[in-house]
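For reference, the chains in residue letters:
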Amino acid sequence: MPSNGIAGKVAVVAMGCSKFGERWDASTDDLILEAYQECLSTLPGVTRAEVDAYWLGTLSSGLGGLTLSRAIGSDDKPVTRVENFCATGSEAFRNASYAVAAGAYDIVMAVGVEKLKDSGYSGLLRQDPPGDGTAPEISMTAPAAFSLLDPAYCERYGVSPNEMRAAMTHVAWKNHDNGTRNPKAQFRSPVSPETIDSAPRVAGRLGVFDCSGVSDGAACALIVPAERAYEFTDRPMFVEGLSLVAGSTRGSMDSSFDYTTFPEVVKAAKDAYAQAGIDRPAQQLSLAEVHDCFTPTEIVLMEDLGFSETGHAWKDVLGGEFDAGGRLPVNPDGGLKSFGHPVGASGLRMLYEAWLQFRGEAGERQLADPHTALTHNLGGRPGSCVSFVSVVSNQLRHRD
Amino acid sequence: MTYGLLGYASYLPHYRIPGATLGLRKGDRVVASYDEDSTTMAVAAARRALRPGEMPVALYLASSTPAYADKTNAVAVHAALGLPSDVLAADMCGTARSSAAGLLASVRGGGLVVAADVRVGRPGSADEKTGGDGAAALWFGDGTPIAEFLAARSVTAEFLDRWRAPTSTTGSQWEERFGAQRYAALIRSAAAGALEAARIADADHVVLACPNTAVIKRAATLVKGQKSVTTSPIGHTGAADPLIALAGVLDIAEPGESILLLSAADGCDAIALRATDALPGLRQTPSLAIQRSEGSAVSHLTYLSWRGLVELEAPRRPEPERAAAPPAARAERWKFGFNGSRCTACGFTHLPPLRVCRSCGAVDAMIEVGMAGLAGTVVTYTVDRLAFSPSPPMVQAVIDIDGGGRCTLEVADARPDTLEVGTRVRFTFRRLFTAGGVHDYFWKAVQDNAE
């Protein structure tokens, strides 16, 4: 059964986003407060007391609702903490949106936060329940799991390793280049293709610059019923589609799975597009913020999200079609490559870029007349993932 | 009542330290990889010794370097072999003599005796240079034997030749010539007793194992063999030593020839066997000589890090959590036996086994399928330089198993330069890591072209 969706029912009327990076200066509470204060500061008429409920997304920076209520000193309001791999921040937004669409609350805040740099380790840490010691995830790192895409894609589509390397390098170059124009990004220096190509290997052919960084950050969104949106701001952002797919993990056991696609992403996109009335995403979207955890991931996503023909994404990437000035800018804010990936915050950080673009507040990154945006997250690993897709727009619209 | 020998095999690990780097004039040292221990090598040897469907009535694991104390190591071997729960599995741990005890118990009551050892010497020591790591298995029971048991004789004597604190990985030895003198008399006495009981003047083949290298050097002068007097080709391997050496003779003995095994450790155990007509058809492949000639070089430094004698810089990643007892017990048939489940409704194979079919949704319509003895093909693979590993980088591969089933496994004894999509693999029982004192045993893939 297709999703009914909540198109046209809720709107975002304020957002906040902390600076992302190695925030040795800031605790989890500080990060939350930084995003929260920016969010409420844009709405002088709204105080803490008027927010009815909160959804908090964090993978590992705190347990329970108190992680948020403690940080902002909220007064005995409901706080729901959610976790869904790398889609955690988006999951907070999705469920908060549903609460408003259901009429349960009028003003709800979705918050995402992650404080990764305090661990002292590279990459993400897993907090697995006690296990039998056989799961590949306990030892195989995320870059290793995603590095499997590269040779598989080359094999299936007859792409030479050098061509694929060039496409991967272009993704890293593009997203870092976009990040140079974003004051909130972790990495703001341009990175040359030569530097990307010669970086130390992490796993398979993935070098350091093929991997998203590790950072701290927080972001949040204030969500209200669509019909009340203009009471708060003259430029609200409307939710048109929200979808989430948790795969059956079949791919990890299925000999027909070939590591060149994420079926979970294809399904999530189809669902979100149907809700939003989108049938030609490459033409109808103004920008897309996608989960560029590793460079080959972004290449495969261009196909799974319907931006490129199957087997052609590498060519479209090299042709600059997803560059800031291309036919569909992808990750114009710099993506995970420039922001790092504080898991709970990333999904809301993507929505924050759509928010800024729609309002004309994206500074040097401002696109001409953006009206519809996609945000996307991917969690887990090829064969066994969760995927989130949203479609948001700058006005309530009715598509044919 | 005694039982005949029904099967045998030796297992030598893949790695060799070039002799030149150890101060040896020639040859090399056979060493177990970082993910091997006496338990995993015992599994490797036992899997070679048992043919499909063969079920010994008991399993004895002999080792001077057991992976655990206070926990029976033979039980993990039992689980990896998929033996029925009513088969006794017991350790005979402590010294090089333990395997002779297991052998005699198997001769007299039936059973599989597996001996395995990872011998460690202090860097630069004679033990480091002249020891070796390996395993061998013999199994005795009803059936057509490849060798008949003729007679056994044991003599015991208390004197100090070798010793090691139970908490230490490296041991000590008294002046070698003292022990050699004592052993010479014990060997002659045991040999004479066994030969007399077997009503043989001189055995065709004599196999001598002893932790005292002066004895090994004099082997041919101590006991006469009409056709051969041999010792282990890999140096002293603790409890595995006599069984590995015997495997080498079983590789070549002709039907009707007698074999006298002499294991001299704190006494001497002499066991006389006679090869039967069935032996030539059931010799192990590859032979011990071929196993000895194969392998890949490993640097001395890497080896020392494997044994914990030097600590190398690790990737900035946390060590994995120890495997938890209840989940590991629930998953015994998977974790130790490498059994998956196959849907009887649609045939989809699940690794690890699942109750709900990922293909057709049928619930609890599964049959168990064993994967350990099958082969597979690499679908894709990666070299993971970030992962925690006792010996980075970690190599992992996605594998399609012949007959159905896909899983992601680490590659053991990996040679990334010859690993590619389409490489054929088999499966080997290894130790992924040790955390909290708990060894995490599971299966890995091993390249067919690496053997």
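Shown above is the structure to which this text applies.
Source: prediction; values computed, not measured.

Enquirer: I keep staring at a nonpolar patch on the surface and nothing clicks. Help me out?
Expert: Together, L160, W163, W174 and F178 of chain B make up an exposed nonpolar region whose accessible area comes to about 390 Å². Within the element layout of this structure, W163 of chain B appears in strand β9 (residues 162–163).

Enquirer: Could you clarify how one ought to interpret the pairing of strand β14 (residues 267–275) of chain B in this entry?
Expert: Walk down a regular strand and you will see the side chains alternate between the two sheet faces. Residue and element names in this part refer to chain B. Counted residue by residue, β14 has eight buried out of nine residues, so it is predominantly covered. With nine bridges connecting them, strand β8 (residues 147–156) and β14 associate as antiparallel partners. Its bridge partner lying in β14, E148 is registered against R274. With six bridges joining them, strand β13 (residues 258–263) and β14 adopt antiparallel strand pairing. Pairing of L260 across the sheet is with A272, part of β14. Linkage of β13 to β14, two consecutive antiparallel strands, is achieved through a turn of three residues, within which D266 is found at a positive phi near 55°.

Enquirer: Before we go on, may I ask you to explain the pattern of salt bridges in this structure?
Expert: Two side chains bearing opposite charge may form a pair once their charged atoms approach each other closely. On inspection of all chains with the given rule, the structure shows 49 salt bridges over all chains. The salt bridge partner of R181 of chain A is D177 of chain A, with a shortest N-O separation of 3.5 Å. The class for D177 of chain A is partly exposed, based on a relative accessible area of 22%. With a shortest N-O distance of 3.1 Å, R228 of chain A and E231 of chain A are connected by a salt bridge. Overlapping salt bridges, with partners in common, bring together D35, E36, E410, D413, R430 and K444 of chain B in one network.

Enquirer: Is there a simple way to explain the packing of aromatic side chains in this structure?
Expert: With the rule as written, the count across this model stands at 21 aromatic pairs over all chains. Ring plane angle 40° and centroid distance 5.6 Å describe the contact between W334 of chain B and F338 of chain B, whose orientation is recorded as tilted. Ring pairs connect the aromatic residues W334, F336, F338, F427, F429, Y441, F442 and W443 of chain B, which therefore count as one cluster. Residue placement shows R349 of chain A over the ring face of F339 of chain A; its charged tip is 4.8 Å from the ring centre. Directly above the aromatic system of F336 of chain B lies the positively charged group of K335 of chain B, at a separation of 5.8 Å from the ring centroid.

Enquirer: In this structure, what is going on with the environment of H205 of chain B? I would like to understand it.
Expert: Residues and elements named next belong to chain B. Its location among the elements puts H205 in strand β11 (residues 205–209). Taking the C-alpha atoms as reference points, H205 and R122, 83 residues apart in sequence, are found 34 Å from one another. With residues up to four places along the chain from it excluded, the contact list for H205 reads K227, S228, V249, I252, A253, E257, S258, I259 and L260. A polar atom in the side chain of H205 sits 2.8 Å from the side chain of S228. A distance of 2.6 Å separates polar atoms of two side chains, one belonging to H205 and the other to E257.

Rules used throughout
Residues numbered from 1 in each chain as written. Chains lettered and ligands numbered in written order. Predicted model: local features only at pLDDT ≥ 70, side-chain atom pairs only at ≥ 80, totals over all residues. Heavy atoms only, no water. Patch = residues over 30% accessible without salt bridge, like charges linked within 9 Å, V, L, I, M, F, W, Y side chains within 5 Å. Areas by Shrake-Rupley, 256 points an atom, 1.4 Å probe, with all protein chains shown as cover. Salt bridge = Lys/Arg side-chain N within 4 Å of Asp/Glu carboxyl O. Helix = DSSP H or I, 4+ residues; strand = E, 2+ residues; numbered from the N terminus. Buried < 20%, exposed > 50% of the residue type's maximum accessible area, 1.4 Å probe, protein only. Pairing = 2+ DSSP bridges. Phe/Tyr/Trp six-rings, centres within 6.5 Å; stacked < 30°, edge-to-face > 60°. Lys NZ or Arg CZ within 6 Å of the ring centre and 35° of its normal. Contact = heavy atoms within 4.5 Å. Polar contact = N/O pair within 3.5 Å; in protein donor to acceptor, adjacent residues only side chain to side chain.

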